[in-house]
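# Topology and contacts: notes
Each chain, letter by letter, is given below.
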Amino acid sequence: MSIKALKGFKDILPDEVGIWQFIERKARDIFRRYGFEEIKVPILEKTELFVRTIGEDTDIVEKEMYTFVDRNGSSITMRPEGTAPVIRSYIENGLFVRGSVQRLYTIGPMFRHERPQKGRLRQFHQMSVEVLGSNSAKIDSEVMAMAWHILQEIGLQASLELNSLGCTECRPSFKEALLGFLQERLPDLCDDCQRRSSSNPLRVLDCKSEHCQAQYASAPSIIEHLCGPCSLHFEEVKQTLTQAGVPYALNPKMVRGLDYYTRTTFELLTTELGAQGAIGAGGRYDGLVRQLGGPEVTGIGFAMGMERLVMLLGQKGGLESVPGPDLFLITLGERAYEKGFVLQQDLRAAGMYVMMDHEGRSMKNQLKQADKHRARFVLLLGEEELEKGEAALKDMRSGEQEICALAPAFKNWAPVILAKISERTKE
Ligand SMILES: [Zn+2]
Ligand SMILES: [Zn+2]
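Values in this document were obtained by computation on a predicted structure and should not be read as measured data. (Residues numbered from 1 in each chain as written. Chains lettered and ligands numbered in written order. Predicted model: local features only at pLDDT ≥ 70, side-chain atom pairs only at ≥ 80, totals over all residues. Heavy atoms only, no water.)

## A few points about the coordination of the zinc ion (ligand 1)
Octahedral metal centres with six donors ideally show angles of 90 or 180 degrees, and tetrahedral centres with four donors ideally show 109.5 degrees. Distances from the zinc ion (ligand 1) to its protein donors, namely C167 (SG), C170 (SG), C227 (SG) and C230 (SG), fall within the range 2.2 to 2.3 Å. Because the angles between the four donor atoms bound to the zinc ion (ligand 1) fall within 100 to 114°, the donor set is best described as tetrahedral. Site description for the zinc ion (ligand 1): donor spacing in sequence, C-x2-C-x56-C-x2-C. Accessibility assignment for this pair places C167 and C170 in one class, buried. (Donors = N, O, S within 2.8 Å, 3.2 Å for Na, K, Ca; no water. Tetrahedral: all angles 85-135°; square planar, octahedral: opposite > 155°, others 65-115°. Buried < 20%, exposed > 50% of the residue type's maximum accessible area, 1.4 Å probe, protein only.)

## Topic: the coordination of the zinc ion (ligand 2)
Here the zinc ion (ligand 2) is held by the protein donor atoms C190 (SG), C193 (SG), C207 (SG) and C212 (SG), which lie 2.2 to 2.3 Å from it. If you look at the zinc ion (ligand 2), its four donor atoms make angles of 105 to 115° with each other, and the shape they trace is tetrahedral.

## As for the sheet that holds strand β15 (residues 390-395)
An order of β13-β12-β14-β15-β16 is seen for the five strands of this open sheet, with the pairing classed as mixed. One side of each edge strand has no neighbouring strand; the edge strands of this open sheet are β13 (354-356) and β16 (401-405). The average angle at which neighbouring strand axes cross in this sheet is 25°, direction not considered. Seen against the sheet, helix α13 (residues 363-372) touches β12 (327-331) and β14 (377-381) and runs at an angle of roughly 170° to β12. Packing of helix α15 (residues 413-426) onto the sheet brings it into contact with β12, β14, β15 and β16, and relative to β14 it is tilted by some 145°. (Pairing = 2+ DSSP bridges. Helix = DSSP H or I, 4+ residues; strand = E, 2+ residues; numbered from the N terminus. Axes fitted to C-alpha atoms, helices over the stretch in contact; angles between N-to-C directions. Contact = heavy atoms within 4.5 Å.)

## Brief notes about the nonpolar core
By size, the foremost hydrophobic cluster in this structure holds 49 residues, and its most contacted members are I23, F31, M127, M304 and L309. Take this core: its biggest share by element is 11 residues, from helix α5 (residues 137-154). Those residues in contact with M127 that sit more than four places away from it in its chain are I23, A27, F31, T106, I107, I150, F302, A303, M304, M306 and L309. Core analysis: the next-biggest nonpolar cluster, separate from the first, contains 39 residues, V61, I91, L95 and L189 among them. (Core = buried A, V, L, I, M, F, W, Y, C linked by side-chain atoms within 4.5 Å.)

## Looking at the pattern of salt bridges
Two side chains bearing opposite charge may form a pair once their charged atoms approach each other closely. Inspection of the entire model under this criterion finds 33 salt bridges. A salt bridge links R120 to E114; the shortest N-O distance between them is 2.6 Å. Residue classification places R120 among the partly exposed residues on the basis of a relative accessible area of 34%. Assessed through its relative accessible area of 12%, E114 is described here as buried. Among the ionic pairs, R290 bridges to E296, the shortest N-O distance being 3.6 Å. Where salt bridges share partners, they join R376, D395, E400, E402, K420 and R424 into one cluster. (Salt bridge = Lys/Arg side-chain N within 4 Å of Asp/Glu carboxyl O.)

## Describing helix α2 (residues 47-54)
Here α2 has its buried residues at T47, L49, F50, T53 and I54. Buried residues of α2, viewed axially, fall in a sector of 160°; they line one side. Where the residues of α2 are buried, they touch β2 (44-46), α3 (59-64), β3 (66-69), β4 (75-78), α4 (83-92) and α10 (288-291). Positive phi shows up at G55, right after α2, with a value of about 110°. (Arc of directions from axis to C-beta.)

## Here we look at a nonpolar patch on the surface
A cluster of nonpolar side chains, I43, L44 and F68, forms an exposed patch at the surface whose accessible area comes to about 240 Å². With respect to the helices and strands, the residue F68 is situated in strand β3. Accessibility expressed as a relative area gives 37% for F68, which makes it partly exposed. (Patch = residues over 30% accessible without salt bridge, like charges linked within 9 Å, V, L, I, M, F, W, Y side chains within 5 Å. Areas by Shrake-Rupley, 256 points an atom, 1.4 Å probe, with all protein chains shown as cover.)

## Side note on the packing of helix α1 (residues 14-33) against helix α11 (residues 306-316)
The contact between α1 and α11 brings their axes to 10 Å, and the two run at 115°. Considering their axes alone, α1 and α11 lie roughly perpendicular with respect to each other. The crossing of α1 and α11 is right-handed. Contacts between α1 and α11 involve I19, W20, F22, I23 and E24 from the first element and M306, E307, L309, V310, L313 and G314 from the second. (Parallel < 35°, antiparallel > 145°, perpendicular 65-115°, else oblique. Left-handed = near helix turned anticlockwise from the far one by under 90°.)

## Observations concerning the sheet that holds β4
Here three strands make up an open sheet; going across it, the order is β2-β4-β3 and the pairing antiparallel. Here the strands that pair on one side only, and so sit at the sheet edges, are β2 and β3. Averaged over all neighbouring strand pairs, the angle between strand axes comes to 35°, with direction disregarded. As judged from the four bridges shared by β3 and β4, these two strands associate in the antiparallel manner. Paired with Y66 across the strands is M78, a residue of β4. The strands touched by α2 within the sheet are β2, β3 and β4, with β2 carrying the most contacts at an inclination of about 70°.

And the structure:
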(Lines give C-alpha, C1' and ligand atoms only; values in the text may rest on other atoms or scores of the structure.)
(Ligands and ions follow the chains in the order given, each with its own letter.)
Protein backbone atom coordinates (compact mmCIF):
# COMPACT_ATOMS: atom_id res chain seq x y z
CA MET A 1 0.00 0.00 0.00
CA SER A 2 1.39 3.37 -0.98
CA ILE A 3 1.73 6.16 1.56
CA LYS A 4 0.00 9.45 0.79
CA ALA A 5 0.77 12.98 1.99
CA LEU A 6 -1.06 14.31 5.06
CA LYS A 7 -4.43 16.00 4.55
CA GLY A 8 -3.93 19.70 3.85
CA PHE A 9 -0.26 19.21 2.95
CA LYS A 10 0.76 19.59 -0.66
CA ASP A 11 3.80 18.82 -2.78
CA ILE A 12 5.10 21.61 -4.96
CA LEU A 13 6.04 19.76 -8.13
CA PRO A 14 8.82 20.66 -10.59
CA ASP A 15 6.24 21.95 -13.11
CA GLU A 16 4.95 24.56 -10.64
CA VAL A 17 8.23 25.45 -9.02
CA GLY A 18 9.12 27.92 -11.79
CA ILE A 19 6.34 30.27 -10.64
CA TRP A 20 7.47 29.98 -7.00
CA GLN A 21 11.03 30.85 -7.96
CA PHE A 22 9.86 33.74 -10.14
CA ILE A 23 7.86 35.28 -7.27
CA GLU A 24 10.65 34.78 -4.73
CA ARG A 25 13.24 36.24 -7.09
CA LYS A 26 11.12 39.35 -7.76
CA ALA A 27 10.29 39.78 -4.06
CA ARG A 28 13.91 39.37 -2.92
CA ASP A 29 14.94 41.99 -5.46
CA ILE A 30 12.32 44.45 -4.16
CA PHE A 31 13.34 43.72 -0.54
CA ARG A 32 16.93 44.53 -1.46
CA ARG A 33 15.93 47.80 -3.12
CA TYR A 34 14.09 48.83 0.06
CA GLY A 35 17.03 47.91 2.30
CA PHE A 36 15.61 44.72 3.84
CA GLU A 37 17.82 41.87 5.07
CA GLU A 38 16.81 38.21 5.25
CA ILE A 39 16.49 36.40 8.57
CA LYS A 40 15.79 32.66 8.89
CA VAL A 41 14.04 31.54 12.07
CA PRO A 42 13.05 28.04 13.28
CA ILE A 43 9.73 26.38 12.45
CA LEU A 44 9.26 25.11 16.02
CA GLU A 45 8.90 27.48 18.95
CA LYS A 46 7.64 27.31 22.53
CA THR A 47 3.81 27.38 22.49
CA GLU A 48 3.88 30.26 24.96
CA LEU A 49 5.41 32.55 22.31
CA PHE A 50 2.29 32.40 20.14
CA VAL A 51 -0.26 32.34 22.97
CA ARG A 52 1.30 35.50 24.42
CA THR A 53 1.58 37.38 21.14
CA ILE A 54 -1.32 36.27 18.95
CA GLY A 55 -3.79 36.20 21.86
CA GLU A 56 -5.83 33.49 23.54
CA ASP A 57 -9.16 34.56 22.01
CA THR A 58 -8.04 34.30 18.41
CA ASP A 59 -9.08 31.59 15.96
CA ILE A 60 -5.42 30.72 15.47
CA VAL A 61 -4.69 29.98 19.13
CA GLU A 62 -8.11 28.54 19.96
CA LYS A 63 -8.57 26.22 17.01
CA GLU A 64 -5.73 26.11 14.52
CA MET A 65 -2.29 25.70 16.07
CA TYR A 66 -0.17 22.58 15.59
CA THR A 67 0.68 22.23 19.25
CA PHE A 68 2.10 19.08 20.79
CA VAL A 69 4.17 17.82 23.67
CA ASP A 70 7.67 16.76 22.64
CA ARG A 71 9.72 13.90 24.12
CA ASN A 72 10.87 16.13 26.98
CA GLY A 73 7.31 17.02 27.95
CA SER A 74 7.53 20.64 26.69
CA SER A 75 4.63 22.17 24.79
CA ILE A 76 5.85 23.24 21.37
CA THR A 77 4.07 24.72 18.36
CA MET A 78 4.80 24.78 14.64
CA ARG A 79 4.80 28.45 13.78
CA PRO A 80 1.38 29.65 12.55
CA GLU A 81 2.82 33.03 11.47
CA GLY A 82 6.20 34.68 11.08
CA THR A 83 6.17 37.83 13.20
CA ALA A 84 6.44 36.34 16.72
CA PRO A 85 9.50 34.16 15.91
CA VAL A 86 11.29 37.11 14.26
CA ILE A 87 10.62 39.37 17.28
CA ARG A 88 11.75 36.56 19.60
CA SER A 89 15.00 36.29 17.64
CA TYR A 90 15.40 40.08 17.51
CA ILE A 91 15.26 40.22 21.32
CA GLU A 92 17.25 37.03 22.00
CA ASN A 93 20.10 38.02 19.67
CA GLY A 94 20.07 41.68 20.60
CA LEU A 95 19.60 42.79 16.98
CA PHE A 96 18.61 46.26 18.24
CA VAL A 97 22.30 46.98 18.90
CA ARG A 98 23.04 46.64 15.14
CA GLY A 99 21.34 49.94 14.47
CA SER A 100 18.27 51.85 15.45
CA VAL A 101 16.03 50.54 12.66
CA GLN A 102 16.05 46.90 11.52
CA ARG A 103 14.40 45.95 8.23
CA LEU A 104 13.95 42.18 8.12
CA TYR A 105 12.19 39.66 5.91
CA THR A 106 11.74 35.91 5.96
CA ILE A 107 10.23 33.42 3.50
CA GLY A 108 9.04 29.98 4.55
CA PRO A 109 6.31 27.55 5.61
CA MET A 110 3.67 28.24 8.29
CA PHE A 111 1.27 25.72 9.84
CA ARG A 112 -2.38 25.97 10.80
CA HIS A 113 -4.78 23.09 11.40
CA GLU A 114 -7.59 24.53 9.28
CA ARG A 115 -10.32 22.68 7.48
CA PRO A 116 -8.66 21.93 4.16
CA GLN A 117 -11.17 23.60 1.86
CA LYS A 118 -10.16 24.85 -1.53
CA GLY A 119 -6.99 26.89 -1.27
CA ARG A 120 -6.67 26.41 2.51
CA LEU A 121 -3.63 24.34 3.28
CA ARG A 122 -2.34 23.23 6.66
CA GLN A 123 1.20 23.93 5.54
CA PHE A 124 1.27 27.16 3.60
CA HIS A 125 4.04 29.60 2.73
CA GLN A 126 4.48 33.26 3.49
CA MET A 127 6.88 36.05 2.80
CA SER A 128 6.86 38.22 5.87
CA VAL A 129 8.45 41.54 6.58
CA GLU A 130 9.16 43.42 9.82
CA VAL A 131 10.53 46.91 10.46
CA LEU A 132 11.61 47.36 14.07
CA GLY A 133 12.60 50.58 15.77
CA SER A 134 10.67 53.33 14.00
CA ASN A 135 7.56 55.22 14.98
CA SER A 136 7.42 57.21 11.78
CA ALA A 137 4.19 57.18 9.80
CA LYS A 138 6.42 57.34 6.72
CA ILE A 139 7.66 53.82 7.54
CA ASP A 140 4.07 52.53 7.58
CA SER A 141 3.51 54.00 4.14
CA GLU A 142 6.85 52.77 2.85
CA VAL A 143 6.09 49.21 3.97
CA MET A 144 2.69 49.32 2.24
CA ALA A 145 4.27 50.86 -0.87
CA MET A 146 6.78 47.99 -0.90
CA ALA A 147 4.01 45.36 -0.67
CA TRP A 148 2.26 47.19 -3.50
CA HIS A 149 5.51 47.33 -5.48
CA ILE A 150 6.01 43.54 -5.17
CA LEU A 151 2.55 42.88 -6.60
CA GLN A 152 3.15 45.33 -9.44
CA GLU A 153 6.48 43.72 -10.23
CA ILE A 154 5.05 40.20 -10.42
CA GLY A 155 2.12 41.52 -12.46
CA LEU A 156 -0.88 41.15 -10.15
CA GLN A 157 -3.72 43.65 -9.66
CA ALA A 158 -4.68 44.42 -6.06
CA SER A 159 -6.38 47.01 -3.91
CA LEU A 160 -5.12 48.28 -0.55
CA GLU A 161 -7.50 48.61 2.39
CA LEU A 162 -6.43 50.67 5.35
CA ASN A 163 -7.50 51.16 8.96
CA SER A 164 -6.12 52.35 12.28
CA LEU A 165 -6.71 50.39 15.48
CA GLY A 166 -5.54 53.21 17.73
CA CYS A 167 -3.43 52.69 20.84
CA THR A 168 -3.85 51.82 24.51
CA GLU A 169 -4.98 55.42 25.07
CA CYS A 170 -7.84 55.54 22.60
CA ARG A 171 -8.90 51.94 22.10
CA PRO A 172 -10.75 51.65 25.46
CA SER A 173 -13.28 54.33 24.48
CA PHE A 174 -13.92 52.53 21.20
CA LYS A 175 -14.25 49.22 23.03
CA GLU A 176 -16.84 50.76 25.30
CA ALA A 177 -18.87 52.10 22.37
CA LEU A 178 -18.62 48.73 20.61
CA LEU A 179 -19.61 46.87 23.78
CA GLY A 180 -22.76 49.00 24.08
CA PHE A 181 -23.58 48.22 20.45
CA LEU A 182 -23.01 44.47 20.95
CA GLN A 183 -25.07 44.26 24.16
CA GLU A 184 -28.19 45.30 22.22
CA ARG A 185 -27.68 42.57 19.62
CA LEU A 186 -26.20 39.79 21.72
CA PRO A 187 -28.97 37.13 21.20
CA ASP A 188 -28.64 37.62 17.42
CA LEU A 189 -24.91 36.84 17.26
CA CYS A 190 -23.10 33.53 16.78
CA ASP A 191 -21.69 31.62 19.78
CA ASP A 192 -18.13 32.79 19.15
CA CYS A 193 -19.20 36.44 18.99
CA GLN A 194 -21.35 36.11 22.14
CA ARG A 195 -18.38 34.75 24.04
CA ARG A 196 -15.86 37.19 22.60
CA SER A 197 -18.09 40.23 23.08
CA SER A 198 -17.12 40.14 26.76
CA SER A 199 -13.57 38.73 26.56
CA ASN A 200 -12.35 40.64 23.47
CA PRO A 201 -15.05 42.72 21.77
CA LEU A 202 -12.82 43.97 18.90
CA ARG A 203 -12.36 40.42 17.72
CA VAL A 204 -16.04 40.01 16.85
CA LEU A 205 -15.63 42.40 13.90
CA ASP A 206 -13.69 39.80 11.91
CA CYS A 207 -16.22 37.01 12.55
CA LYS A 208 -16.59 34.89 9.43
CA SER A 209 -20.38 34.50 9.80
CA GLU A 210 -22.31 36.50 7.22
CA HIS A 211 -25.20 36.88 9.62
CA CYS A 212 -22.89 38.52 12.18
CA GLN A 213 -21.26 40.71 9.53
CA ALA A 214 -24.69 42.03 8.48
CA GLN A 215 -25.25 43.19 12.08
CA TYR A 216 -21.88 44.91 12.22
CA ALA A 217 -22.59 47.11 9.21
CA SER A 218 -23.82 49.80 11.58
CA ALA A 219 -21.21 49.20 14.32
CA PRO A 220 -19.28 52.22 15.63
CA SER A 221 -16.14 53.16 13.68
CA ILE A 222 -12.75 53.00 15.36
CA ILE A 223 -11.42 55.86 13.23
CA GLU A 224 -13.87 58.23 14.96
CA HIS A 225 -12.43 57.23 18.35
CA LEU A 226 -8.71 57.79 17.63
CA CYS A 227 -6.81 59.98 20.11
CA GLY A 228 -4.87 63.07 18.94
CA PRO A 229 -1.48 61.40 18.29
CA CYS A 230 -3.08 58.33 16.61
CA SER A 231 -5.22 60.58 14.45
CA LEU A 232 -2.16 62.62 13.37
CA HIS A 233 -0.20 59.44 12.65
CA PHE A 234 -3.06 58.08 10.54
CA GLU A 235 -3.37 61.35 8.60
CA GLU A 236 0.34 61.27 7.75
CA VAL A 237 0.12 57.63 6.66
CA LYS A 238 -2.70 58.44 4.25
CA GLN A 239 -0.96 61.56 2.96
CA THR A 240 2.33 59.72 2.34
CA LEU A 241 0.55 56.90 0.52
CA THR A 242 -1.03 59.45 -1.79
CA GLN A 243 2.36 61.11 -2.37
CA ALA A 244 3.86 57.70 -3.19
CA GLY A 245 1.10 57.09 -5.73
CA VAL A 246 -0.36 54.10 -3.90
CA PRO A 247 -4.18 54.05 -4.07
CA TYR A 248 -6.05 52.89 -0.96
CA ALA A 249 -9.54 52.62 0.54
CA LEU A 250 -10.49 53.00 4.20
CA ASN A 251 -12.03 49.98 5.94
CA PRO A 252 -12.91 50.72 9.58
CA LYS A 253 -14.13 47.11 10.11
CA MET A 254 -10.71 45.62 9.54
CA VAL A 255 -9.32 44.53 12.92
CA ARG A 256 -7.04 41.71 11.70
CA GLY A 257 -6.97 38.30 13.38
CA LEU A 258 -4.18 39.03 15.84
CA ASP A 259 -4.26 40.80 19.19
CA TYR A 260 -0.98 42.65 18.93
CA TYR A 261 -1.84 45.23 16.28
CA THR A 262 -1.87 48.96 17.08
CA ARG A 263 -2.54 51.95 14.82
CA THR A 264 -2.03 51.16 11.11
CA THR A 265 -3.49 47.90 9.80
CA PHE A 266 -3.91 46.99 6.15
CA GLU A 267 -4.92 44.29 3.72
CA LEU A 268 -4.09 43.74 0.07
CA LEU A 269 -7.01 42.26 -1.82
CA THR A 270 -6.77 40.77 -5.26
CA THR A 271 -8.77 42.45 -8.00
CA GLU A 272 -7.85 39.84 -10.60
CA LEU A 273 -10.83 38.62 -12.59
CA GLY A 274 -12.74 35.80 -10.92
CA ALA A 275 -10.69 35.87 -7.75
CA GLN A 276 -11.32 37.40 -4.37
CA GLY A 277 -9.81 37.65 -0.95
CA ALA A 278 -6.69 38.86 0.77
CA ILE A 279 -3.25 38.15 -0.67
CA GLY A 280 -1.39 40.04 2.00
CA ALA A 281 -2.00 41.79 5.30
CA GLY A 282 -0.18 43.48 8.11
CA GLY A 283 0.03 46.31 10.55
CA ARG A 284 1.83 48.12 13.33
CA TYR A 285 2.52 46.34 16.63
CA ASP A 286 4.02 48.94 18.92
CA GLY A 287 3.77 47.03 22.22
CA LEU A 288 4.85 43.60 20.99
CA VAL A 289 8.63 43.76 21.52
CA ARG A 290 8.14 45.07 25.06
CA GLN A 291 5.48 42.45 25.74
CA LEU A 292 7.97 39.70 24.84
CA GLY A 293 10.56 41.07 27.24
CA GLY A 294 12.49 43.27 24.80
CA PRO A 295 13.22 46.98 24.87
CA GLU A 296 10.67 49.73 24.19
CA VAL A 297 10.82 49.34 20.41
CA THR A 298 7.95 49.82 17.98
CA GLY A 299 7.35 47.78 14.84
CA ILE A 300 5.31 47.21 11.72
CA GLY A 301 5.12 44.29 9.31
CA PHE A 302 3.10 42.33 6.80
CA ALA A 303 2.84 38.86 5.33
CA MET A 304 1.89 37.69 1.85
CA GLY A 305 0.57 34.23 1.09
CA MET A 306 2.71 32.51 -1.53
CA GLU A 307 0.10 29.91 -2.57
CA ARG A 308 -2.38 32.62 -3.48
CA LEU A 309 0.17 34.55 -5.52
CA VAL A 310 1.21 31.35 -7.30
CA MET A 311 -2.42 30.45 -8.05
CA LEU A 312 -3.25 33.92 -9.40
CA LEU A 313 -0.14 34.05 -11.56
CA GLY A 314 -0.75 30.50 -12.79
CA GLN A 315 -4.27 31.47 -13.87
CA LYS A 316 -2.92 34.43 -15.80
CA GLY A 317 -0.41 32.21 -17.58
CA GLY A 318 2.17 33.72 -19.88
CA LEU A 319 5.10 32.94 -17.60
CA GLU A 320 8.14 31.68 -19.48
CA SER A 321 8.91 28.07 -18.72
CA VAL A 322 12.18 27.18 -17.07
CA PRO A 323 14.91 26.94 -19.75
CA GLY A 324 16.26 23.53 -20.70
CA PRO A 325 19.91 22.45 -20.92
CA ASP A 326 22.41 24.61 -22.81
CA LEU A 327 23.74 21.45 -24.39
CA PHE A 328 22.71 17.82 -24.79
CA LEU A 329 25.59 15.48 -25.58
CA ILE A 330 24.80 12.65 -27.96
CA THR A 331 27.39 9.89 -28.07
CA LEU A 332 27.63 6.73 -30.17
CA GLY A 333 29.90 3.88 -29.17
CA GLU A 334 31.75 3.03 -25.97
CA ARG A 335 34.78 5.27 -26.56
CA ALA A 336 32.69 8.32 -27.47
CA TYR A 337 30.51 7.74 -24.42
CA GLU A 338 33.57 7.64 -22.09
CA LYS A 339 34.98 10.83 -23.65
CA GLY A 340 31.54 12.44 -23.59
CA PHE A 341 31.13 11.82 -19.89
CA VAL A 342 34.40 13.63 -19.09
CA LEU A 343 33.50 16.44 -21.50
CA GLN A 344 30.14 16.82 -19.76
CA GLN A 345 31.89 17.37 -16.41
CA ASP A 346 34.36 19.88 -17.94
CA LEU A 347 31.50 21.88 -19.46
CA ARG A 348 29.58 21.85 -16.17
CA ALA A 349 32.69 23.08 -14.34
CA ALA A 350 32.75 25.93 -16.86
CA GLY A 351 29.19 26.89 -15.86
CA MET A 352 27.10 25.14 -18.51
CA TYR A 353 23.87 23.21 -17.98
CA VAL A 354 24.67 19.90 -19.73
CA MET A 355 22.86 16.57 -20.01
CA MET A 356 23.56 13.27 -21.76
CA ASP A 357 22.06 9.82 -22.13
CA HIS A 358 23.36 6.99 -19.94
CA GLU A 359 21.09 4.22 -21.21
CA GLY A 360 22.90 3.43 -24.50
CA ARG A 361 19.91 4.59 -26.58
CA SER A 362 20.01 4.91 -30.37
CA MET A 363 20.98 8.21 -31.92
CA LYS A 364 17.38 8.89 -32.95
CA ASN A 365 16.26 8.23 -29.42
CA GLN A 366 18.94 10.46 -27.92
CA LEU A 367 17.85 13.27 -30.24
CA LYS A 368 14.29 12.78 -28.97
CA GLN A 369 15.58 13.10 -25.40
CA ALA A 370 17.38 16.33 -26.27
CA ASP A 371 14.15 17.68 -27.75
CA LYS A 372 12.07 16.62 -24.77
CA HIS A 373 14.41 18.44 -22.38
CA ARG A 374 14.25 21.52 -24.66
CA ALA A 375 18.05 21.55 -25.12
CA ARG A 376 19.39 24.67 -26.86
CA PHE A 377 22.28 22.83 -28.57
CA VAL A 378 23.19 19.24 -29.29
CA LEU A 379 26.75 17.94 -29.73
CA LEU A 380 27.10 14.73 -31.76
CA LEU A 381 30.08 12.62 -30.90
CA GLY A 382 30.63 9.28 -32.68
CA GLU A 383 33.58 6.92 -33.20
CA GLU A 384 34.28 8.38 -36.63
CA GLU A 385 34.24 11.98 -35.37
CA LEU A 386 36.50 10.99 -32.53
CA GLU A 387 39.08 9.62 -35.00
CA LYS A 388 38.99 12.82 -37.04
CA GLY A 389 39.13 15.02 -33.96
CA GLU A 390 35.80 16.75 -34.64
CA ALA A 391 32.20 16.90 -33.46
CA ALA A 392 28.96 18.22 -34.93
CA LEU A 393 27.24 21.03 -33.06
CA LYS A 394 23.54 21.46 -33.81
CA ASP A 395 21.55 24.61 -32.98
CA MET A 396 18.15 23.21 -31.98
CA ARG A 397 16.42 26.55 -32.56
CA SER A 398 17.62 27.23 -36.11
CA GLY A 399 18.38 23.62 -37.06
CA GLU A 400 21.81 24.70 -38.32
CA GLN A 401 24.68 22.31 -37.87
CA GLU A 402 28.41 22.97 -37.94
CA ILE A 403 31.48 20.83 -37.58
CA CYS A 404 33.74 21.86 -34.70
CA ALA A 405 37.41 21.05 -35.19
CA LEU A 406 38.69 19.77 -31.89
CA ALA A 407 42.31 19.30 -30.97
CA PRO A 408 43.21 15.63 -30.85
CA ALA A 409 44.38 16.19 -27.29
CA PHE A 410 41.01 15.71 -25.61
CA LYS A 411 41.71 18.17 -22.79
CA ASN A 412 41.00 21.38 -24.65
CA TRP A 413 37.59 20.52 -26.08
CA ALA A 414 35.43 22.28 -23.49
CA PRO A 415 36.72 25.83 -24.21
CA VAL A 416 36.27 25.30 -27.98
CA ILE A 417 32.66 24.18 -27.54
CA LEU A 418 31.96 26.98 -25.06
CA ALA A 419 33.34 29.56 -27.51
CA LYS A 420 31.25 28.16 -30.41
CA ILE A 421 28.06 28.26 -28.34
CA SER A 422 28.59 31.75 -26.97
CA GLU A 423 29.36 32.98 -30.50
CA ARG A 424 26.08 31.50 -31.78
CA THR A 425 23.94 32.73 -28.89
CA LYS A 426 25.32 36.27 -29.22
CA GLU A 427 23.74 36.82 -32.62
ZN1 LIG B 1 -4.35 56.49 20.31
ZN1 LIG C 1 -20.08 35.88 14.81
